[in-house]
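# Geometric and topological summary
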Amino acid sequence: MVLSDRTIKEQMTAGRIRIEPCDPADIQPSSVDLHLGERFQVFRNSRYPYIDPAMEQDGLMELVEATAEEPFVLHPGEFVLGATVERVDLPEDIVARLEGKSSLGRLGLLIHSTAGYVDPGWSGTLTLELSNVANLPIVLTPGMAIGQISFMQMTTDVDRPYGTPGLGSKYQGQLDPTPSRSHKSR
């Protein structure tokens, strides 16, 4: 079942769901608004002739920073990684879904391609897979509301939460937009 605003607040007060920082005004009827951080990972197109998910490709992406005065401009067809300002920590019996804000989606901004699922046991900021499917550039200002996270109660605690040794959790504890570590899946 999806947690209501009342239950989200109860879970946060009990320390089971942690979102830091969190303004109470960001708690919506069944989700919590999340905000865009200031760092982005941008592809360096001239570094490699192609992307090979099975290989580590150092320098494939470059970290850039934006500010309120100099926001990041996402061009049509462009794909970059961003991150939430908020750090999210989940207990072993709650799973979460990250979704975009409807108002931004109506402008052509997608905030995830496939990584909208947040496993029980997760701890860290959330990497955003930002795509512009509009035909005009979109200005991304650090601190803007970028997405929302909703929570579902599981039937039991999981046996192996995200981050359990041997599970292959490659992104536990991340604090910045984190490039793919698919080469570590072998």
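This text gives an overview of the structure that appears in the document. Remember, it's a predicted structure, so these values are computed and weren't measured experimentally.

### Quick word on the overall build of the chain
- When its secondary structure is counted, the chain shows 2 helices and 12 strands.
- Listed by position from the N terminus, the elements making up the chain come as α-β-β-β-β-β-β-β-α-β-β-β-β-β.
- In terms of overall dimensions, the chain is globule-like: its C-alpha atoms have a radius of gyration of 17 Å, near the 16 Å expected for 186 residues.
- Along the first, second and third principal axes, the C-alpha atoms of the chain reach 50 × 40 × 25 Å.
- Counting only residues that meet the buried cut, the chain has 40% of its 186 residues in that class.
- Sequence separation of at least 24 residues holds for 73% of the intrachain contacts in the chain that already meet a minimum separation of 6.
- Counting only carbon and sulfur atoms, one obtains 51% of the accessible surface of the chain, whose full area is about 10,200 Å².
- Counting 16 positive and 25 negative side-chain charges, the chain places the averaged centre of each group 4 Å from the other.

### Side note on the pairing of strand β3 (residues 39-43)
- With 5 bridges joining them, β3 and strand β4 (residues 61-65) adopt antiparallel strand pairing. Residue pairing in the sheet places glutamine 41 in a bridge with leucine 63 of β4.
- Where β3 lies against strand β6 (residues 79-89), 2 bridges are found, and the strand directions are antiparallel. Across the sheet, residue valine 42 finds its bridge partner in β6, namely valine 80.

### Describing the nonpolar core
- If you look at the biggest cluster of nonpolar residues, it comprises 34 residues, and the most contacted ones within it are Phe40, Leu109, Leu130, Leu140, Ile149 and Phe151.
- Filtering out sequence-adjacent residues up to four positions away, phenylalanine 40 remains in contact with Glu62, Leu63, Val64, Ala66, Phe72, Val80, Leu81, Gly82, Leu130, Leu140 and Pro177.

### Notes on the environment of serine 103
- With respect to the helices, strands and loops of the structure, serine 103 is situated in helix α2 (residues 102-105).
- Distance in space between the C-alpha atoms of serine 103 and proline 179 is 27 Å, their sequence separation being 76 residues.

### Overview of the pattern of salt bridges
- Taken as a whole and assessed by the stated rule, the structure comprises 7 salt bridges.
- The salt bridge involving arginine 16 is made with aspartate 93; its shortest N-O contact spans 2.5 Å. Taken as a pair, arginine 16 in the loop between α1 (5-13) and β1 (18-20) and aspartate 93 in the loop between β6 and β7 (94-100) lie far apart in primary sequence, 77 residues in all.
- Across the salt bridge formed by arginine 87 and aspartate 89, the nearest N and O atoms sit 3.5 Å from each other.
- Classification of arginine 87 by relative accessible area gives partly exposed; the value is 28%.
- Several salt bridges share partner residues, and in doing so they unite Arg18, Arg87 and Asp89 into one network.

The rules we used
Residues numbered from 1 in each chain as written. Predicted model: local features only at pLDDT ≥ 70, side-chain atom pairs only at ≥ 80, totals over all residues. Heavy atoms only, no water. Helix = DSSP H or I, 4+ residues; strand = E, 2+ residues; numbered from the N terminus. Rg over C-alpha atoms; globule rule 2.2 N^0.38 Å. Buried < 20%, exposed > 50% of the residue type's maximum accessible area, 1.4 Å probe, protein only. Contact = heavy atoms within 4.5 Å. Areas by Shrake-Rupley, 256 points an atom, 1.4 Å probe, with all protein chains shown as cover. Lys, Arg positive; Asp, Glu negative; His and termini not counted. Charge placed at Lys NZ, Arg CZ, Asp CG, Glu CD. Pairing = 2+ DSSP bridges. Core = buried A, V, L, I, M, F, W, Y, C linked by side-chain atoms within 4.5 Å. Salt bridge = Lys/Arg side-chain N within 4 Å of Asp/Glu carboxyl O.

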